[in-house]
Amino acid sequence: MKLLIMSDIHGDYEALSKVFDYYEKDHCDGILCLGDILYHGPRNDLPHGYAPKKCIPLLNAHKDEIIAVRGNCDAEVDQMVLDFPMRADYALYHIDGHTFFLTHGHLYNEQTMPHLKKGDVYLYGHFHVPVFEEADEGYYKVNPNSISLPKKGEAGFLEYEDGVFTRYNMNHDILETLKI
């Protein structure tokens, strides 16, 4: 199973199109979306390719392949136009003997971590900063960065396959890997 993981789209159609180009080219099996899908929020500048109405059909075309969680910029009205559930604060995804705790990061974060066991993966977005690390307790913290408004490092997304996370920039260049 090959998964594509992205966060913080913020209605950036140009960035989302690049991610879906990779998804199709690399024959991924599913998408994990970590929130902030259509709206940019009052504290962010508009992304360069801001066009949330164009993002909707692109996302809905993959509705059966997306598992999404709600970000702090996602609202009930967004669910009215998206054909996949995206209003849960977290989701659990089991793969390769690991449990992935998917969340945006505004509710579950360094100050309010969920209960995680050794080998679990805390997958989050929100901060627009890439994170690839193993915690002292034996679980992993992974943040793909934002595809639209990175605050540190290059905008990017992740691929997960066979126990390895690979972080890509928007040109599909490998930035780093993490084996779990």
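Only a predicted model underlies this, so the values are computations on that prediction, with no experimental measurement involved.

Describe a nonpolar patch on the surface, naming the residues involved and giving the relevant values.
A surface patch of nonpolar side chains, about 300 Å² in accessible area, is lined by Val 77, Met 80 and Val 81. Tracing the sequence through the fold places Met 80 in helix H3 (residues 76–81).

Let's hear about the sheet that holds strand S1 (residues 2–6): which residues, and what values?
On the basis of which strands lie adjacent, the open sheet formed by six strands has the order S3-S2-S1-S9-S10-S11 and mixed pairing. The sheet terminates laterally at strand S3 (66–68) and strand S11 (174–179), the two strands that pair on one side only. Geometrically, the sheet is characterised by an average inter-axis angle of 20° between neighbouring strands, direction not taken into account. In this sheet, strand S2 (residues 30–33) lies alongside S1 in parallel orientation, the contact comprising four bridges. Bridge pairing in S2 links Leu 4 to Ile 31. Packing of helix H1 (residues 13–25) onto the sheet brings it into contact with S1, S2, strand S9 (156–161) and strand S10 (164–169), and relative to S1 it is tilted by some 170°.

Thresholds applied
Residues numbered from 1 in each chain as written. Predicted model: local features only at pLDDT ≥ 70, side-chain atom pairs only at ≥ 80, totals over all residues. Heavy atoms only, no water. Patch = residues over 30% accessible without salt bridge, like charges linked within 9 Å, V, L, I, M, F, W, Y side chains within 5 Å. Areas by Shrake-Rupley, 256 points an atom, 1.4 Å probe, with all protein chains shown as cover. Salt bridge = Lys/Arg side-chain N within 4 Å of Asp/Glu carboxyl O. Helix = DSSP H or I, 4+ residues; strand = E, 2+ residues; numbered from the N terminus. Pairing = 2+ DSSP bridges. Axes fitted to C-alpha atoms, helices over the stretch in contact; angles between N-to-C directions. Contact = heavy atoms within 4.5 Å.

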